[in-house]
Amino acid sequence: MKLQPCRGRRAGLALLLALAGPLAALEAQDLPGEDFGRWEGSLRRCRIVSTSSLVPPQPPTTCQLLRLDQQMEGLLTVRFLQPGGSGAFLDRQLVFAGVLAEGSRGMRCQGSRCEPRWPLRLRVSAVGQAGFGEATAAMGLTRAQLASGHCQLDARSFRCEAVGPEGRQWQAEASP
């Protein structure tokens, strides 16, 4: 797969920021402006599917939280989270990172707390995961890779899907 130079840089930046998302929100508290921060909401329904031709199909998994991290206006990560508990040390998470599609506005942020301006449309350029469909949760690893896809988020439903360069697919659907 050959990436265009500009697209490759954006994808690399999105991948880096997806992994550094929690730190970016903390650092945003010290920065002037209102383009950094986080929004989080509980989910009533959530279904996560990850498929690959190299691994036998896994049953769908669930999650309880949706977290949106905005590192700068236009750059967003969408995290589907299952908090650690019952002996699990770390949260399981599936992260879609990318840039907002034309016509979508960034979140309104104040003091690192944000409010989405629905609907949000995201062009996904990277996906990261920890604990969903693999044994990475025990090791605390987040696997991240370039991907191509999209997210459609509004006040009543959240849907993301992406495909990696080797054909791996990720899909998440949820509602508050």
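Numbering of residues begins from 1 in every chain and follows the order in which that chain's sequence is written. Only residues with pLDDT of at least 70 are given local features in this predicted model, and only at 80 or more are side-chain atom pairs given and counted; all residues enter the totals for whole chains, interfaces and linings. Just so you know, side-chain values use all the structure's heavy atoms and leave hydrogens and water out.

### Brief notes about the pattern of salt bridges
Then, number 1: Definition used for salt bridges: Asp or Glu carboxyl oxygen within 4 Å of a side-chain nitrogen of Lys or Arg. Under the defined criterion, the tally for this structure stands at 6 salt bridges.
Then, number 2: A salt bridge links R67 to E40, with the shortest nitrogen-to-oxygen separation between them at 2.7 Å. Here E40 lies in strand β1 (residues 37–42) and R67 lies in strand β3 (residues 65–72), a separation of 27 residues in the sequence.
Then, number 3: As a salt-bridge pair, R159 and E173 come within 2.0 Å of each other at their nearest N and O atoms. In this pair, R159 is assigned in strand β10 (residues 158–163) and E173 in strand β11 (residues 169–175), connecting sequence segments 14 residues apart.
Then, number 4: Burial status follows relative accessibility: with a 1.4 Å probe on protein chains alone, a residue under 20% of its type maximum counts as buried, one over 50% as exposed, and anything between as partly exposed. You can call R159 partly exposed: its relative accessible area is 30%.
Then, number 5: A relative accessible area of 22% means that E173 is categorised as partly exposed.
Then, number 6: The network of salt bridges with common partners includes R38, D69 and R79. Numbering of helices and strands starts at the N terminus; helices are DSSP runs of H or I of at least 4 residues and strands are runs of E of at least 2.

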